[in-house]
Amino acid sequence: MKQFIEGLPKAELHLHIEGTFEPELLFKIAKRNNIKLKYDSVEELKKAYKFNCLQDFLDIYYQGAGALIHEQDFYDLTWAYMEQCAKQNVTHTEIMFDPQTHTERGISFDTVINGIYKATQDAEKKWGISSFLIMSYLRHLSEEEAFKTLEQSKSHKAKIKAVGLDSSEKGNPPSKFKNVFEASVKEGYIPVAHAGEEGDADYVWEAIDILGIKRIDHGNNSLQDERLIAEIIKRDLALTVCPLSNTALQVIKDLKDHPLKKMIDLGLKTTINSDDPAYFGGQVNQNYIEIQKALSLTKEELYELAKNSFQYSLLGESKKAEKLKELEDFLN
Ligand code: ADE
Ligand code: ZN
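Attention in this report is confined to the structure presented alongside it. (Residues numbered from 1 in each chain as written. Chains lettered and ligands numbered in written order. Predicted model: local features only at pLDDT ≥ 70, side-chain atom pairs only at ≥ 80, totals over all residues. Heavy atoms only, no water.)

1. Observations regarding the coordination of the zinc ion (ligand 2)
Now for step 1: Donor atoms from the polypeptide that bind the zinc ion (ligand 2) are His14 (NE2), His16 (NE2), His194 (NE2) and Asp275 (OD), placed at 2.0 to 2.2 Å.
Now for step 2: Binding-site remark: the zinc ion (ligand 2) is held by donors from one chain whose sequence spacing is H-x1-H-x177-H-x80-D. Of the two residues, His16 is situated in strand E1 (residues 10-16) and Asp275 in the loop between strand E9 (269-272) and helix H14 (277-280); the sequence distance between them amounts to 259 residues.
Now for step 3: Residue classification places His16 among the buried residues on the basis of a relative accessible area of 4%. (Donors = N, O, S within 2.8 Å, 3.2 Å for Na, K, Ca; no water. Helix = DSSP H or I, 4+ residues; strand = E, 2+ residues; numbered from the N terminus. Buried < 20%, exposed > 50% of the residue type's maximum accessible area, 1.4 Å probe, protein only.)

Shown next, in the form of structure tokens:
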């Protein structure tokens, strides 16, 4: 199974670039930027990676991102992730980035996006891996702040495929961002959002009805509401599921209790993703491997998950067909 998973061509659709910041690289970049970290060593930092909830994690994740200052830092961070993609047969990736995490610290939007974008371009040249960028608004900040980010993004429109919504979910419902999502769609960005990770099914309803999202990040709590499940299926929306994230953030206690199999059996379209691999103990392949073991998924189900990852990507139809053909060729 491990070999089969490693060989499967796949896309990753739920990945925060700031969440790929491995402790070793974090220390290296902090050192060259003369930034003093709260932890004295890689080992000490790793010990702090124990979370009781999403907020526990976010506090450490934003601290880590504080080491990123220059365009080269964003390039190096992204390049390290692209190397992982190449190793894991990820042939297409849709990368979320949080501009506000950096602009709030005085780093320019241009510095952030140029570093990330250049690394994705170089990875496409080197390995043929395609990438899209998803500009994510931080939901703990105001809608007015999100509007400022939208404004800053306009001169980089050609580099950005979609807008997302992440950070602290509880108390920050999708409806808070109704106007900025409407304006983002007018600019040509495709809307997606985290919903139903810690928030209840009503947040998923808001995300699909008020924000009009085309894909649901996590979506676990959709299972609370049968009418919602039927609606998600009717609208053919996929869920970007992140198994190791869910256990690391105590969204579920044990992978054996993960709702993925139930989602599949209900007819929901799902994909497997790593979310923040540096913090949650595994890249995308490790997520496939561990969830396969926990739920005894079959090769057919794994194939379906990989197929969904291309089918529900934001790729155009001809690129999608190309990637799906590569998947078929792998199996035959
Ligand atoms: N930002 C990075 N990872 C996140 C997650 N799992 N949920 C919400 N916001 C995030
Ligand atoms: Zn996420």
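The discussion continues.
2. Section: the side chain of Ser313
Now for step 1: The topology assignment puts Ser313 in the loop between helix H16 (299-311) and helix H17 (317-331).
Now for step 2: We classify Ser313 as buried; its relative accessible area is 6%.
Now for step 3: A distance of 3.3 Å separates a polar side-chain atom of Ser313 from the backbone nitrogen of Leu315.
Now for step 4: If we skip the residues at most four places from it in the chain, Ser313 touches Leu13, His92, Glu94, Arg215, Asn308 and Lys320. (Polar contact = N/O pair within 3.5 Å; in protein donor to acceptor, adjacent residues only side chain to side chain. Contact = heavy atoms within 4.5 Å.)

3. Some details on the packing of helix H10 (residues 201-209) against helix H11 (residues 226-234)
Now for step 1: It is at 10 Å that the axes of H10 and H11 come closest, and there the two elements cross at 30°. The angle between the axes of H10 and H11 places the two elements in the roughly parallel class. Considering how the two elements wind past one another, H10 and H11 form a crossing that is left-handed. Residue-level contacts link Ala201, Val204, Trp205 and Ile208 of H10 to Arg227, Leu228, Glu231 and Ile232 of H11.
Now for step 2: Residue composition of the contact of H10 with H11, by class: six nonpolar, no polar and two charged. (Axes fitted to C-alpha atoms, helices over the stretch in contact; angles between N-to-C directions. Parallel < 35°, antiparallel > 145°, perpendicular 65-115°, else oblique. Left-handed = near helix turned anticlockwise from the far one by under 90°. Nonpolar A, V, L, I, M, F, W, Y, C, P; charged D, E, K, R; others polar.)

4. Section: empty space enclosed by the protein
Now for step 1: Enumeration according to the criterion identifies one cavity of 30 Å³ or more in this entry.
Now for step 2: The space that makes up the largest cavity amounts to roughly 90 Å³.
Now for step 3: Lining of the largest cavity is provided by 14 residues; of these, His16, Leu54, Phe57, Leu58 and His194 occupy positions nearest its centre.
Now for step 4: Tallied by class, the residues present in the lining of the largest cavity amount to five nonpolar, four polar and five charged. (1 Å grid on protein atoms, 1.4 Å probe; cavity = no way out; pocket = protein on both sides within 12 Å on 5 of 7 lines; lining within 4 Å. Points joined across faces, edges and corners; volume = space filled by probe spheres on them.)

5. Thoughts on the packing of aromatic side chains
Now for step 1: The tally for this structure, following the rule as stated, stands at 14 aromatic pairs.
Now for step 2: Look at Trp79 and Trp127: their rings are 5.0 Å apart centre to centre, the planes differ by 25°, and that puts the pair in the stacked class. Taken together, the residues Trp79 in helix H5 (residues 71-87) and Trp127 in helix H7 (residues 109-127) connect sequence positions 48 residues apart.
Now for step 3: Residue class for Trp127 comes out partly exposed when judged on its relative accessible area of 33%.
Now for step 4: By way of ring pairs, the aromatic residues Tyr49, Phe51, Phe57, Tyr61, Tyr62, Tyr279 and Phe280 are connected into one cluster.
Now for step 5: One Lys or Arg, Lys159, reaches over the ring of Tyr117 and ends 5.9 Å from the middle of that ring.
Now for step 6: When the ring centre of Phe132 is taken as origin, the NZ or CZ atom of Lys161, which lies over that ring, is 4.6 Å away. (Phe/Tyr/Trp six-rings, centres within 6.5 Å; stacked < 30°, edge-to-face > 60°. Lys NZ or Arg CZ within 6 Å of the ring centre and 35° of its normal.)

Remember, this is a structural readout, not a statement about activity or role.
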